[in-house]
Structures are given as structure tokens and as C-alpha cells.
Amino acid sequence: MRSHFCTDLSEANVGDNVVLCGWANSYRDHGGIVFIDLRDKSGLIQLVCDPADNAHSHKIASEVRDEFVLIAHGRVRLRGEGLANLRLKTGAIEVVVENLIIENRSEPLPFVIGDSSVGEETRLKYRYLDLRNPNAFQTFQMRSKVAIAARNVLDRLGFLEVETPILTKSTPEGARDYLVPSRVHEGEFYALPQSPQLFKQLLMIGGFDRYFQIAKCFRDEDLRADRQPEFTQIDVEMSFCNQEDVIRVAEELITGMFAAAGHTVTTPFNRIKYSDAMEWYGSDKPDLRYDLKMVDVIDIFARCDNEIFTSIAANPKMNRIKALRVPGADLVFSKREMKSFEDFVRKFGAKGLGYFQMKEDGLKGPLEKFFTPEDLQLLIERTGMEVGDVVFFGAGDKKTVWDYMGRFRIFIAEHEKMNLIDKDRFEFVWVVDFPMFEIEDGRVKALHHPFTMPRDLNHEHLEDIESIAYDIVLNGTELGGGSIRIHKQDLQEQIFKLLGIGEEEAREKFGFLLDALKFGAPPHGGFAIGFDRFMMLLSKKDSIRDVIAFPKTQKASCIMTQAPSAVELTQLRDLHIRIRESAK
């Protein structure tokens, strides 16, 4: 039907007869001549409907309204002198319409296409209209190019794309499964995969050597701006490799994906141990676009005259006293503002937030009286303070201090008076050497997943065992991660026991994996990158929902289709399900 897309045309096409298809972006009647801005996926071009040229087309054009679907036959000409629209790619030309067809009409829209003030709920209800926004199309055009680039990079590196099952077995991976009842197996359920983890390991046992998949995954968990109940990840696994091999592949993949979007990133990426990330930044996904690093000062506070601090400092293994130097903060924040920062950290378990200001004559502040001049000087040297700086202190048990001081670090960097973050910068870092286990409410849990290779099990305390695991972080957001996997049955069974998974339970949940490990499983490892999250950062969007064509809300519902929804009783009977009324 069409001969060109709108922005395919240029001054080189003057005199050509063309057929264009699209939507009426706007229309204007100027003294009997109707001007229509026609929009397709490529952009806009102006149509001119002059009764002197074609009375029939002019009559049809007078009926056109916003978002009517049009087919226009016409001739390209230059706009008159001084009439070019420099804001449009096609602003130097226009199409004189010889035949105009209204292919479909549109009712008045609930919002103007591209209006940024429209609420998200309205945009999601009419998502198909929201997608007509040229900015939305450009986002998904970029997503498509980046996905193709990812496939091309992995294909060049010898990886084979394999699709793994969507209906599978429920296995514990840290979040709740979405369950699917079976009609033919009464009382039994499939689960939607949280990741293809076990299947990609089985592909390595099957000798495929290098696998990848752009996979749909599902997790029934609480949602945030960077989470969705169904999401896409680029999943990669390889055999006969070590951590360095996997990281090299991941970096080559990421640089290729960025190149497809017109960005150059430099490798190798920085690396930081998990323990250092927590001690320095209070987070296992540190944002390194700004240089605010926490310093340990528990030994100095141990000598002060404040009983609260000295009691905390008496247990340096379990507790922390951290100092965060903020350059120039004394020049922009009042004492009242600095005192008000306590309200922020208290939300995350802090008992308070101390501070010192660096003046010409030394450190000043509410805590000054508790320290000797020598220890005040040592604080200056330890934190690297200069005149105009402020150093903030957090004290308490280490996990709480890491958390609230890490959050406070971000809060200060984003504060409008500091504005320390370069929004145009991409800063990658690998976080490596994660703990193998964590203990929560007296239960031992795998920090990543139970198939991760431990570095060395010969430690007295489980918390001291490290795993060969690695996360890739971009601008303070975890893009993904992976690990070297356990490939020997006896070691996998030993890890299950440490996690409190008995032999019977292990056979019930993971028997197929344990059986497969008996038959010559190769050493293997891999990683996965959250593709939606990747695209959110690459396209500088505020929410992951902006890079998913039909996303769910933060309550895991689709406003447009009204999903989830009730189903007919006959469907429930077929599935052997009865809905029980919830207790009031």
C-alpha cells in the first residue's frame, strides 16, 4: 500500500509520486487549505490538501480529526520560501495530496499522544495509544537492535540458542513461584520458571558446551520500579571455564549491546570484593559515579568519653562505626539541615547520626567534647577532611550500619544541593567473592542459589565461606550476575545438607539434577543479565515499565486487560480447584 515511510522522503524526492500511510498527528484549516501532519513509525511529514488542486481530496481532508488512519497519494514538492520547519526531518518538503482515503476513524482520545503530564495508570489502561508516542517507538526500536546485537555477539562466540521449558517443576530459588494447576494430573502443579538455571546446567551435562537464551522468567514477589512479575533475561552458560572466562564473555556481550545503542564502554570493568563493597559503600551494588567512601573509625571511637560509642566499639566483629566524608557539605548545609538528616537514617534502623564540620581551626560539632585533640587530628587524617567538609558517623550492628549509611550515601549524592551524580556516565563494576551462605532467623540460606560453587568449605563458621559468584552492577543497579556451578554430586549433596535440605527432600526437589551429575558433568558456569533493567538504564528511563511493551502495575495487574481475573467455574472444575472464601 505504501511506497515510502514519511521520513524516507527528502528534497531528492521532489516531483515524485508517493503513497504514504499513517495517523493524523494534527490538522489545520488555513483559509480553505487543509494541512495534515501525517505520522508513521519513522516520524512526521506535512500533507497539503488544496481545493484548487483536488476538490474531492480537500472535502475528505476537512473531515479528518486527530488519530484518523489515512492513506495519502500525492506528489512531493518543496515548501515555499521561509516556510521550512527546521524541527522536522522532512521540514523542507511537503506532499500535495491527489487522493486521500480515511481508512479508519478514531473517537476523541482520552489523552493527547506524547503528553508527559498524563498519569501512568491512564497510560497503562490505554497502552496501545501510549505506544503511538514516537519516544516509545524509539525505545523499542533500540531494544530490538540491542537484542539482535546480543544474539550476534553470542553466536560469534560459539553459543547455541536453546529454548528451555516454561512449564516446569517448582524449585526454591529465593522468591515465590507462579503455579499452574495440571488438568490431567489431579492435585499437581507446574511452576513458571524463575530462571532456566537447572535446564542450562543440564544442557552443559548434555555436551552443548555453550548455550544462551533470551528467556522469559517469572517471580511472584513484591514489585518496585525495577521489577516485574514476568521479565526477560539474557541467560548464558558455558563449559570448561573459570570465573575469568565467564567475565570476559559477559564484558564482550555488554560492550556489543551498548555499541548497538551508539555508546562506547571500556573494558575490563572495575572489580570489588563483596566484603569491601559492604564496608566502603554499604551495598553490594555500589554506584561508583561519585567518590563517597565510608571509612572505619571504630578504633578511634573506642577511646572516646561517650559510653554509647565505647560499648559499640567493644565488639568490632559484630558492630561498626563508619565515617562518611562529604566534601564541601559545610558550605551548603545548615546545622538544622544536617540535624534533620537523622530523620532519614532513622527510617532504616539508625539510632542517630553524628557529624563533624571541618573549620579553619579544626573539627567542630556536637561530638567534639568526647575526643582528645590527638584523636580529632587522627579523624581528620583518616577521613582526609579539608576545610568546608562534613564527616557523618553511623554506629551500631554492622548490617544495620551498612544499610542506613549506604542509603545515606545515595541520599547525599542525589541531594539537590550536592548533585554529585553525572547522569550521562555509565560506571560498571563487578562485585565478586560473595559469601556462600547467610543466616536469617537461625536458618542457613544460600546467598545466591544452592548450585553455586564454594571457594573453600574448610571454615569454622558458615558465614566465612566464599562462593565463586559475581554480580555486574551499573550505576548502582544490579544488572545481573552468575557463578561457577557445582558439577560433582557429592559436593552438591553436601551443600544441600548444610542448607538443611535432607536427603529425601533433595531427591524430591532435585533428584533429576543429582542423577545427571553422576554421568560425567563438566565444570561449568554462566551468568544472566536482566534485559529489561539493562534497557531501562541504557535508555535512561525512570521505570522498567517504560521498556516493556505491555507491563504490569506495581500490584502485578494489567489495567488494560484486567488481568488477573476470575474464571468460569467449569474451568476450575476441570483443574480440580475450589475457591475458598478468605476469612474476614
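### Looking at the pattern of salt bridges
- For the structure on display, the rule yields 43 salt bridges.
- Of the charged contacts in the structure, one is a salt bridge between Asp 245 and Arg 248, with a shortest N-O distance of 2.5 Å. You can see Asp 245 and its partner Arg 248 sitting in helix H6 (residues 243–260), three residues apart, about one turn around the helix.
- Residue classification places Asp 245 among the partly exposed residues on the basis of a relative accessible area of 21%.

### Regarding the sheet that holds strand S15 (residues 362–364)
- Spatial strand order, S12-S13-S16-S14-S15: five strands in an open sheet with antiparallel pairing. The open sheet has two free edges, formed respectively by strand S12 (294–296) and S15, since each of these has just one partner strand. Taken over all neighbouring pairs, the strand axes of this sheet differ in orientation by 30° on average, direction set aside.
- With eight bridges joining them, strand S13 (residues 319–326) and strand S16 (residues 390–397) adopt antiparallel strand pairing. Within S16, the residue paired with Lys 322 across the bridge is Gly 394.
- The strands touched by helix H7 (residues 274–281) are S12 and S13; relative to S12, the strand with the most contacts, the crossing angle is about 100°.
- Sheet contacts for helix H13 (residues 398–414): S12, S13 and S16; angle to S16, the most-contacted strand, approximately 155°.

### Description of the pairing of strand S19 (residues 443–446)
- Side chains Val 444 and Ala 446 of S19 all project onto a buried face; the interleaved residues Arg 443 and Lys 445 project onto a face where none is buried.
- Pairing geometry for strand S18 (residues 437–440) and S19, over four bridges, is antiparallel. Residue Ile 439 lies in a different strand from S19, and its bridge partner there is Val 444.

### Thoughts on the packing of aromatic side chains
- In the structure shown here, the tally under the stated rule is 26 aromatic pairs.
- Relative to Phe 371, the ring of Phe 356 has its centre 5.9 Å away and its plane inclined at 70°; by these criteria the two rings are edge-to-face. Linking Phe 356 in strand S14 (residues 354–359) with Phe 371 in the loop between S15 and helix H12 (373–383), this pair joins segments that are 15 residues apart in sequence.
- Owing to a relative accessible area of 0%, Phe 356 belongs among the buried residues under this scheme.
- On the basis of relative accessibility, which here comes to 8%, the residue Phe 371 falls in the buried class.
- Taken together, the ring pairs in this structure connect Phe 333, Phe 341, Phe 344, Phe 348, Tyr 355, Phe 392, Phe 408 and Phe 411 into an aromatic cluster.
- Sitting over the face of the ring of Trp 280, Lys 293 holds its NZ or CZ atom 4.1 Å from the ring centroid.

### A few points about the side chain of Asp 50
- Within the secondary structure, Asp 50 sits in the loop between strand S3 (43–49) and helix H1 (55–61).
- In this structure Asp 50 is buried but unpaired, with Arg 77 as the nearest side chain of opposite charge at 5.9 Å.
- Residues within four places of Asp 50 in sequence aside, it is in contact with Ile 33 and His 58.

### Considering the layout of surface pockets
- The calculated volume of the second largest pocket comes to roughly 390 Å³.
- Among the elements of the structure, strand S7 (178–181) and helix H17 (569–574) are those that each provide at least two residues to the lining of the second largest pocket.
- Considering each element in turn, the lining of the second largest pocket owes the most residues, four residues, to S7.
- When grouped by side-chain class, the residues that make up the lining of the second largest pocket number 12 nonpolar, two polar and one charged.

### A short note on empty space enclosed by the protein
- Per the counting criterion, the structure on display carries one cavity of 30 Å³ or more.
- The calculated volume of the largest cavity comes to roughly 40 Å³.
- In terms of lining, the largest cavity is formed by Leu 124, Arg 127, Phe 550, Pro 551, Cys 558, Ile 559 and Met 560.
- Looking at the lining of the largest cavity residue by residue, the class counts come to six nonpolar, no polar and one charged.

Thresholds applied
Residues numbered from 1 in each chain as written. Predicted model: local features only at pLDDT ≥ 70, side-chain atom pairs only at ≥ 80, totals over all residues. Heavy atoms only, no water. Salt bridge = Lys/Arg side-chain N within 4 Å of Asp/Glu carboxyl O. Helix = DSSP H or I, 4+ residues; strand = E, 2+ residues; numbered from the N terminus. Buried < 20%, exposed > 50% of the residue type's maximum accessible area, 1.4 Å probe, protein only. Pairing = 2+ DSSP bridges. Axes fitted to C-alpha atoms, helices over the stretch in contact; angles between N-to-C directions. Contact = heavy atoms within 4.5 Å. Phe/Tyr/Trp six-rings, centres within 6.5 Å; stacked < 30°, edge-to-face > 60°. Lys NZ or Arg CZ within 6 Å of the ring centre and 35° of its normal. Lys, Arg positive; Asp, Glu negative; His and termini not counted. 1 Å grid on protein atoms, 1.4 Å probe; cavity = no way out; pocket = protein on both sides within 12 Å on 5 of 7 lines; lining within 4 Å. Points joined across faces, edges and corners; volume = space filled by probe spheres on them. Nonpolar A, V, L, I, M, F, W, Y, C, P; charged D, E, K, R; others polar.

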